[in-house]
Amino acid sequence: MRSSLRHILEKKKIQKHGEIKNSTLLIIAFATAFFPRLLSSFGAPSIINFVHFGTIPGAFLVAILTTRLKDRKRVSIVWELLAGLLILLATLLASALFNEAGIVNALLQFMFQAEPFMFVAALIALSLTEERIDKIHSWLLGFALFNLVLAILQSVLMPIGIYPKPKGGTIQDNITGVFGGGGGSAANYVSCNVSFYFSLYFFSQFRQFPFWVRMLPLLGALYQIQVSDSKQVFLGLVVGWALLALTKVERPVKLLAYFSVGLIAILIFSWALQNLESEFLEPYQNWVNRPIWGWTGLAVQTKFAAFRIIPSHFDSPLNWLFGLGPGHTVTRLGGWFLTKDKALQSLLMPLGATVHPASLEVWEVVNTSFLPQESTVYFPLFTWAGFWGDAGFVGVLAYLYLCSIVWRRICKDDFSKFLILSTASFGWILTQMEEPGHLLTVACLIALKWQAKSEGTGQLKVDG
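The notes below deal with the structure included here. (Residues numbered from 1 in each chain as written. Predicted model: local features only at pLDDT ≥ 70, side-chain atom pairs only at ≥ 80, totals over all residues. Heavy atoms only, no water.)

Interaxial distance between helix α6 (residues 130-157) and helix α8 (residues 211-227) falls to 10 Å at its minimum, and their mutual angle equals 45 degrees. Relative to α8, the element α6 is oriented oblique. In this structure, α6 meets α8 at a crossing whose hand is left-handed. Residues L148, A151, I152 and S155 of α6 form the contact with α8, whose participating residues are P217, G220, A221, Y223, Q224 and V227. (Axes fitted to C-alpha atoms, helices over the stretch in contact; angles between N-to-C directions. Helix = DSSP H or I, 4+ residues; strand = E, 2+ residues; numbered from the N terminus. Parallel < 35°, antiparallel > 145°, perpendicular 65-115°, else oblique. Left-handed = near helix turned anticlockwise from the far one by under 90°. Contact = heavy atoms within 4.5 Å.)

Bringing the environment of P159 into the picture now. Within the secondary structure layout, P159 lies in the loop between α6 and α7 (187-205). Each C-alpha atom, one on P159 and one on Q172, is 9.5 Å from the other, the two residues being 13 residues apart in sequence. Other than its neighbours up to four places away in sequence, P159 contacts Q154 and I171.

F30, L81, F119, Y197 and I410 are the most contacted members of the largest nonpolar core, which has 120 residues in total. Looking at which element gives the most residues to this core, the answer is helix α5 (residues 103-125), with 15 residues. (Core = buried A, V, L, I, M, F, W, Y, C linked by side-chain atoms within 4.5 Å. Buried < 20%, exposed > 50% of the residue type's maximum accessible area, 1.4 Å probe, protein only.)

As for its position among the elements, R37 is in helix α2 (residues 36-41). By relative accessible area, R37 is classed as buried at 17%. Among the polar contacts made by the side chain of R37, one reaches the side chain of E435 at a distance of 3.4 Å. (Polar contact = N/O pair within 3.5 Å; in protein donor to acceptor, adjacent residues only side chain to side chain.)

Attention now goes to the pattern of salt bridges. Scanning the entire structure with this criterion turns up six salt bridges. Residue K231 pairs with D229 through a salt bridge whose shortest N-O separation is 3.5 Å. Take K231: its relative accessible area is 6%, and that puts it in the buried class. In this structure D229 comes out as partly exposed when scored by relative accessible area, which is 30%. Overlapping salt bridges, with partners in common, bring together R37, R332 and E435 in one network. (Salt bridge = Lys/Arg side-chain N within 4 Å of Asp/Glu carboxyl O.)

Below, the structure is given as structure tokens:
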């Protein structure tokens, strides 16, 4: 009897030790996607930006293979996500074979799209104690706070020359926290989103702290958005909030409240754009006070150029279903890595990566129109156009199926749904929806929310 009891206790101890190692492994994997751009901006080799392609799937495989799942709900979610990932991989491989794209293209594009779902599945698979969740919270909120504080310091120290300014872009472009890339990249948008999402999570989840303490990170994130001239972030957040309101149609009173507040804000902001002169409003006035609108206007012709250029390269009806091949249009891989980043080109081309003329033609629109130079809102390279251009309607549906699993099975509250909807709205602006730092932040917060509410109490679950 004693021997049997000792065996059970030792077995539980081994399992607990394994789960501790798994949760720590996930924190490390998250860090490899969160910090590499900061390290590379200070001289680390560019290959460090690809480390997360090994650590995220590695942590994912270890988590699902070493954790003994007994909760049927967890098992069902993990298996459905695995099925969705296999469907996405098969779709991208089929597109690559049909279009003679490099296999490395398909695998890299798969990783860009699949990583957040892998991370969600890994976190869902772990039956975490309150202590483990607190540890994950501490590390991840610490990462986010470091990003926010660094961005605020950059906004103060970079103009006076104490903090080094990377080459390219304005000072505002380079207020990027830990996501510094230089060259006027979109890292400032990613950094602002991460700061805002984590700050909103801290404000809503940690109610044991005084109101003013919970407000400080949120105010800091709003300051970061403004001082880094990341007006697109406000746009994406507002659209995400509006889409969330539309999901409340079955509750007319709540929908009316959402839209009443939104309508008042829009009316006040519109009046200010038309009647006030302010340095704060100037970037937004550039959007609306121009004779460029209309279906045949320069704004629409520039923004949606990919939908005009990509079909011009179709040579079969199957292209509508499977696109031009992974990395062949305007995803982050095809539109940026394989066409603009010489260091990454030199790394990927020897591995068999392929480039398509469609990517270069879309960049010609960028280089010949003044609008993309003034605001990335007008950029014709953005995620949803890229997903469709690379893998066609089948590829978009495969990705949306994965999103639907998270929405149906894991999103427990409005906060999680807001993260998905606002992220989807950013997919219409740039390729920010494929940035690992942004997507893994969303994945982590949604999974932690699920863990917190998995017992239906809203409290952090304690599992033995």
